[in-house]
Amino acid sequence: FNKNILHQSKLVNYFNGDFANSKIKKDLNNYLKKIKKDKKYSITKKDIILIESIKSDGIEISKKYDGLYEINEFEIPSDIQVMINNNEIGSTLLRIIEVIGQDDLETLDDDTLYFVISALNQLDIDYIRNKILLKVLPLKV
């Protein structure tokens, strides 16, 4: 783990089920407080993926951190968003698999990873989302 980078911090263990909700809320808010103070820290797409996934699980983050990053609502391809809106879980998963294709998850660009995780968050498919996050977020040595 790297305590200086949010998406490589011990918070990744949350997706293993190793954190109580109250502890993850406290730790995430502490990280965000540190990031807000550090003008040199630039929030990456992977940081946003981690934060949004935790928020999708119902963990509340203090409102004072709302302006730390922006979310582009149009990053999910429109055909996939329509399937999500229609609650077509099977079709959406097949389309996501088609997008990933033969690529290794670790080699996906951050934008593709963001839309895949966002789609899984909207569909509330935490098991698959967590497996993907544990594969792509931790620091690889």
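Residues numbered from 1 in each chain as written. Predicted model: local features only at pLDDT ≥ 70, side-chain atom pairs only at ≥ 80, totals over all residues. Heavy atoms only, no water.

(A) Fine view of the overall build of the protein. The number of helices and strands found in the protein is six helices and zero strands. Secondary structure elements of the protein occur, N-terminal to C-terminal, as α-α-α-α-α-α. In summary, the protein has a C-alpha radius of gyration of 15 Å against a globular reference of 14 Å for 141 residues, a match within 12%. For the protein, the spread of C-alpha atoms along the principal axes amounts to about 40 × 35 × 30 Å. The burial tally for the protein puts 43% of its 141 residues in the buried class. Pairs at least 24 residues apart make up 64% of the contacts formed inside the protein by residues separated by at least 6 positions. About 8,400 Å² of surface is accessible on the protein, with carbon and sulfur atoms providing 49% of the total. A gap of 13 Å separates the mean positions of the 21 positive and 22 negative side-chain charges of the protein. (Helix = DSSP H or I, 4+ residues; strand = E, 2+ residues; numbered from the N terminus. Rg over C-alpha atoms; globule rule 2.2 N^0.38 Å. Buried < 20%, exposed > 50% of the residue type's maximum accessible area, 1.4 Å probe, protein only. Contact = heavy atoms within 4.5 Å. Areas by Shrake-Rupley, 256 points an atom, 1.4 Å probe, with all protein chains shown as cover. Lys, Arg positive; Asp, Glu negative; His and termini not counted. Charge placed at Lys NZ, Arg CZ, Asp CG, Glu CD.)

(B) Local environment of the packing of aromatic side chains. On inspection of all chains with the given rule, the structure shows one aromatic pair. Between Y14 and F15, the aromatic rings sit 5.2 Å apart at their centres with planes inclined by 75 degrees, giving edge-to-face as the arrangement. Like Y14, the residue F15 is buried in the burial classification. Above the ring of Y114, the side-chain terminus of K45 is found at 4.9 Å from the ring centroid. (Phe/Tyr/Trp six-rings, centres within 6.5 Å; stacked < 30°, edge-to-face > 60°. Lys NZ or Arg CZ within 6 Å of the ring centre and 35° of its normal.)

(C) Structural detail: the pattern of salt bridges. Applying the stated criterion across every chain yields a total of eight salt bridges. Ionic pairing is found between K23 and D27, a salt bridge with its closest N-O pair at 3.1 Å. Note that K23 and D27 are positioned in helix α1 (residues 21–37) at a spacing of four residues, about one turn of the helix. Note on K23: relative accessible area 40%, which makes it partly exposed. Of the charged contacts, one joins K55 and E52 as a salt bridge, the two residues approaching to 3.4 Å between their closest N and O atoms. Within this pair, K55 and its partner E52 are both found in helix α2 (residues 45–56), separated by three residues, close to a single helical turn. Exposure remark for K55: the relative accessible area of 32% places this residue in the partly exposed category. Counted as one network, the salt bridges with shared partners bring together K10, K23 and D27. (Salt bridge = Lys/Arg side-chain N within 4 Å of Asp/Glu carboxyl O.)

(D) Region of the structure containing the packing of helix α3 (residues 78–85) against helix α5 (residues 110–123). Following both chains from N to C, one finds α3 and α5 inclined at 15 degrees, their axes separated by 10 Å at the closest point. In terms of their interaxial angle, α3 and α5 are classed as roughly parallel. Crossing of α3 over α5 shows right-handed handedness. Contacts between α3 and α5 involve I80, Q81 and I84 on the former and, on the latter, F115, A119, Q122 and L123. Here the residues of the contact of α3 with α5 are counted per class, giving five nonpolar, two polar and no charged. (Axes fitted to C-alpha atoms, helices over the stretch in contact; angles between N-to-C directions. Parallel < 35°, antiparallel > 145°, perpendicular 65-115°, else oblique. Left-handed = near helix turned anticlockwise from the far one by under 90°. Nonpolar A, V, L, I, M, F, W, Y, C, P; charged D, E, K, R; others polar.)

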